[in-house]
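Each chain is listed here by its residues.
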Amino acid sequence: MVLVTHGDQKYQNSEKLAEASDWPGLSIEHRKFEAGCQATPVPVCTELVMLLSGGGMVCRAGNGEVQKSLARPGMSYLVPVGTQESHLELSDRMECLHLYLPPALLDQSALADFDIDPAKVEIAYAHGLADQVLFHICSPLRDLLHRPRQPIDALFVEGIQVALAAHLLGNYTTDRWHAPDRSPSLDPRRLQRVLDYIEASLGGDIRLEDLAAQACLSPYHFSRLFREATGLSPHRYVTDRRVQAARHELARNRLSLVEIALEFGFGSQANFTRVFRKAASLTPGQYRELCCGQAEVKADRDDTAFRRDCA
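Residues numbered from 1 in each chain as written. Predicted model: local features only at pLDDT ≥ 70, side-chain atom pairs only at ≥ 80, totals over all residues. Heavy atoms only, no water.

Draft legend 1. The arrangement of the sheet that holds strand β5 (residues 56–62) in detail. One open sheet holds the four strands; their spatial order is β3-β8-β5-β6, and the pairing between them is antiparallel. In the strand order of this sheet, the two ends are held by β3 (36–37) and β6 (65–71), each with one partner. Alignment of β3 against strand β8 (residues 85–90), held across two bridges, turns out to be antiparallel. From the neighbouring strand, Cys37 faces β8, where its bridge partner is Glu89. Lying on the sheet, helix α6 (residues 188–200) is in contact with β5 and β6; it crosses β5 at an angle near 145°. (Pairing = 2+ DSSP bridges. Helix = DSSP H or I, 4+ residues; strand = E, 2+ residues; numbered from the N terminus. Contact = heavy atoms within 4.5 Å. Axes fitted to C-alpha atoms, helices over the stretch in contact; angles between N-to-C directions.)

This is the structure we're talking about:
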């Protein structure tokens, strides 16, 4: 029996890259998003969203609670069955893995693994989860979507279902999970102002003092709070955004390497090549050839990940 899910209804303006929906206890989708608002139907099963690449502000509201967080690869979001969401908006491009779990799976785990009455168990509407255990449980499912089906896959998925249900019940019920403290922190409004300034200034000289001024903080306090909010130093975040913007432009194959270097603030083609190679394990020229299908290039990283960037 195929599990009924709500992904197509909720994410109408996304691109579904792959899916597996023929297991009764788990459905999986791999989606790519542009910035913008999503629909908010009432979920018919518990949904776990895991960010694979991209990132930006995620603003959502559900069950009367407003949540704003800066999403980074590896972060996860939970939407329990029956959640009354009223708003969901992404500030930038993102690529996500979506897992849908039927209520029966969590009910069985509550009774068998925790000896808890399933009627008393409620999964939290949790956001911005930097949970490496959760990521390692679920991330192998992405590869399963992009290879031929194997006889042992059903057993493999069954094991992940059991581990995932136990982890969610052990850590993310409403009585176990609490939203992270907001203070001291760089509040979402000021953080978004800084991120917008960075996006608008990628081709110019972005100074720490200018970023701190956008947040109305001293450079020292801004650097510390920015790292806490994003997991990256301001310099590293700006460099990553420049490399990501350059990747998209390389894939479009319109501008020369010199033009891209100047367009996104690298200063020179030599510096562009050095920074890009360090980040992507390929030169800009090799990356463009790989994206455009003109050559096969050996790299330290999986070519599949690069082709997803180029899509």
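Draft legend 2. Highlighting the pattern of salt bridges. What the rule picks out here adds up to 18 salt bridges. In this structure, Arg149 engages Asp22 in a salt bridge whose closest nitrogen and oxygen atoms are separated by 3.0 Å. One end of the pair, Arg149, is in the loop between α4 (140–145) and α5 (153–171); the other, Asp22, is in strand β1 (residues 15–23), with 127 residues separating them in the sequence. Here the residues in one salt-bridge network are Asp8, Lys16, Glu19, Glu29 and Arg31, joined through shared partners. (Salt bridge = Lys/Arg side-chain N within 4 Å of Asp/Glu carboxyl O.)

Draft legend 3. Up close: the packing of helix α9 (residues 234–252) against helix α11 (residues 269–280). Where α9 contacts α11, the two axes come as close as 10 Å, and the packing angle between them is 95°. Viewed along their axes, α9 and α11 adopt a mutual orientation that is roughly perpendicular. Across the interface between the two elements, Thr239, Val243, Ala246, Arg247 and Leu250 of α9 pack against Phe272, Val275, Phe276, Ala279 and Ala280 of α11. Residue classes in the contact of α9 with α11 are distributed as eight nonpolar, one polar and one charged. (Parallel < 35°, antiparallel > 145°, perpendicular 65-115°, else oblique. Nonpolar A, V, L, I, M, F, W, Y, C, P; charged D, E, K, R; others polar.)

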